[in-house]
Amino acid sequence: MLRSVLFAAAVFAVAASADPLIFGHRGAAGYRPEHTIAGYKLAIAMGADFIEPDLVSTKDGVLIVRHEPNITETTDVATHPEFAARKTTKTIDGEAQTGWFADDFTLAEIKTLRAKERLPFRDHSYDGQFEIVTFQQVIDLAKAESAARGRVIGVIPETKHPSYFRAEGLPLEEKMLAALNAAGWHDETAPVIIQSFEVGNLKRLHAVTRLRLIQLTDGIAVRPDGSIDYNQPYDFVLAGDKRTYGDLLTPKGLAEIATYAWAIGPWKRAIISVRNIIKDGQPVDLDGDGKITEADTVSLPPSHVVADAHAVGLKVMPFTFRNECVFLASDYGCDPLKEYQAFFATGVDGLFSDSADKAVAARSTR
Ligand SMILES: [Ca+2]
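As the structure is a computational prediction, the values presented were derived from the model and not from experiment. (Residues numbered from 1 in each chain as written. Predicted model: local features only at pLDDT ≥ 70, side-chain atom pairs only at ≥ 80, totals over all residues. Heavy atoms only, no water.)

## Observations regarding the layout of surface pockets
Then step 1. A volume near 1,100 Å³ is recorded for the largest pocket.
Then step 2. Forming the boundary of the largest pocket are 43 residues, of which R26, H67, K160, F197 and D218 lie nearest the centre.
Then step 3. Where the lining of the largest pocket is concerned, the elements lending two or more residues are β6 (95-99), β8 (158-159) and β9 (193-196).
Then step 4. For the lining of the largest pocket, the class distribution of residues is 14 nonpolar, 11 polar and 18 charged. (1 Å grid on protein atoms, 1.4 Å probe; cavity = no way out; pocket = protein on both sides within 12 Å on 5 of 7 lines; lining within 4 Å. Points joined across faces, edges and corners; volume = space filled by probe spheres on them. Helix = DSSP H or I, 4+ residues; strand = E, 2+ residues; numbered from the N terminus. Nonpolar A, V, L, I, M, F, W, Y, C, P; charged D, E, K, R; others polar.)

So, in structure tokens, the structure goes:
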């Protein structure tokens, strides 16, 4: 009797919970070059609730959407002879990188470039077709698509390398907030969530805006046994704070995040990790393709992160979900719907997907 009552209560709780939000990661990065209007439009057409612009600054202080200051891999800049002399080496968050950087180009110069697909195994037929867009263009698109479709399309911008850009004299946060406020978005009722892998800039944003904030947490790698090797927020490195993202995901760390953020956006391996099968001291190539990828892993039981975050009032929205078999643990049998369903079952409140169509399809079968 008691058991059946508990079961009924559990069913009610699941039925009453809100649908997890689907974020179109960099647009529809599984199908179109990332951070392009075409990609964002496709994500919206596929049912994404929010579109995700990553923010970096041009030399003249305009926010454009790119995943990193280094635009070498995602634009055709290397094929422009007039910019050959701009190739340089910079240190970003402690890492030396060589290439072309958004903060060495004016917006007018950026507008002469075209986007290209980053990953070699994805569709390159759209390379060279789409311009690099500003944050304002993404806001305008979300508004226009919301009006045209009669449903609200949210925007979930990420401040990329905020300490780096502030040190360069091109801080992101003030301009981002000004653009969001000018769009009429001021508080937690707005279809806006602001992301950062750094902590300090989110705390400063919390002091000046009521817009929702999401603390991203990263990791370097999954060890063969499924434990995670965690790195640090870069502002912690600069401040001499020794804590890692793993520390932020403890109950104590989550309680601190809850003082300034609405949600966490963890690397998905903090929620469901994976491990290799070890034979003779080596990981077994389960799919026999000659390479060790996530396809050669098996999933571990979910961690306590979702429950611990919910216990302090934080939503949980992990990244990144992708269709390709090399990104899917072997127990999903190369069916991305099974991965989404496994994560939805942990109680996550949203997720970042390169392929919003699959995420929406999986959500509809919850
Ligand atoms: Ca393999």
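## So, the coordination of the calcium ion
Then step 1. In this structure, D285 (OD), D287 (OD), D289 (OD), K291 (O), D296 (OD) and D296 (OD) serve as the protein donors to the calcium ion, at separations of 2.1 to 2.6 Å.
Then step 2. Because the angles between the 6 donor atoms bound to the calcium ion fall within 52 to 160 degrees, the donor set is best described as irregular.
Then step 3. Written as a sequence motif, the donor residues of the calcium ion are D-x1-D-x1-D-x1-K-x4-D.
Then step 4. Since its relative accessible area comes to 39%, D287 is described here as partly exposed. (Donors = N, O, S within 2.8 Å, 3.2 Å for Na, K, Ca; no water. Tetrahedral: all angles 85-135°; square planar, octahedral: opposite > 155°, others 65-115°. Buried < 20%, exposed > 50% of the residue type's maximum accessible area, 1.4 Å probe, protein only.)

## Some points on the state of the cysteines
In protein structure, a disulfide is the covalent linkage between the sulfur atoms of two cysteines.
Then step 1. Inspection of every chain in the model, using the stated rule, returns 1 disulfide.
Then step 2. Two residues, C325 and C334, share a disulfide whose sulfurs are 1.7 Å apart. Across the S-S bond linking C325 and C334, the dihedral sits near -75 degrees, which makes this disulfide left-handed.
Then step 3. The class for C325 is partly exposed, based on a relative accessible area of 38%.
Then step 4. With a relative accessible area of 34%, C334 lands in the partly exposed category. (Disulfide = S-S within 2.5 Å.)

## Describing the pattern of salt bridges
Then step 1. Evaluation of the coordinates by the stated rule reveals 24 salt bridges.
Then step 2. Taking the shortest distance from any N to any O, the salt bridge between E173 and R166 comes out at 2.8 Å.
Then step 3. Overall, R166 belongs to the partly exposed group, its relative accessible area being 35%.
Then step 4. Taking the shortest distance from any N to any O, the salt bridge between R243 and D241 comes out at 2.8 Å.
Then step 5. A relative accessible area of 22% places D241 in the partly exposed class.
Then step 6. The network of salt bridges with common partners includes R26, E34, E68, E73 and R118. (Salt bridge = Lys/Arg side-chain N within 4 Å of Asp/Glu carboxyl O.)

## Some remarks on the sheet that holds strand β2 (residues 50-51)
Then step 1. Read across the open sheet, the 4 strands follow the order β7-β2-β1-β19; overall the sheet is parallel. The open sheet terminates on both sides in strands that have one partner only, identified here as β7 (154-155) and β19 (350-353).
Then step 2. Sheet topology note: the strand β1 (residues 21-24)/β19 ladder contains 4 bridges and is parallel. In the sheet register, F23 faces β19, and the bridge partner there is F352.
Then step 3. Packing of helix α13 (residues 356-363) onto the sheet brings it into contact with β1 and β19, and relative to β1 it is tilted by some 170 degrees. (Pairing = 2+ DSSP bridges. Contact = heavy atoms within 4.5 Å. Axes fitted to C-alpha atoms, helices over the stretch in contact; angles between N-to-C directions.)

## So, the packing of helix α4 (residues 135-149) against helix α6 (residues 173-182)
Then step 1. Two numbers describe how α4 lies on α6: the axes approach to 11 Å, and their chain directions differ by 25 degrees. With respect to α6, the axis of α4 lies roughly parallel. Both α4 and α6 take part in a crossing whose hand is right-handed. Contact with α4, carried on its side by F135, Q136 and I139, involves M176, A179 and L180 of α6 and no other residues of that element.
Then step 2. By residue class, the composition of the contact of α4 with α6 is 5 nonpolar, 1 polar and no charged. (Parallel < 35°, antiparallel > 145°, perpendicular 65-115°, else oblique. Left-handed = near helix turned anticlockwise from the far one by under 90°.)

## Re α4
Then step 1. For α4, spanning 15 residues, the distance from its first C-alpha to its last is 21 Å, which sits close to the expected 21 Å at 1.5 Å a residue.
Then step 2. Taken together, the buried positions of α4 are occupied by F135, V138, I139, L141, A142, E145 and S146. Angular distribution of buried residues about the axis of α4 spans 160 degrees; they occupy a single face of the element. Within α4, the exposed residues directed more than 90 degrees away from the buried face are A147 and A148.
Then step 3. Considering only its buried residues, α4 is in contact with α2 (37-45), β2, β3 (54-57), β4 (63-65), β7 and α6. (Expected span 1.5 Å × (residues − 1). Arc of directions from axis to C-beta.)

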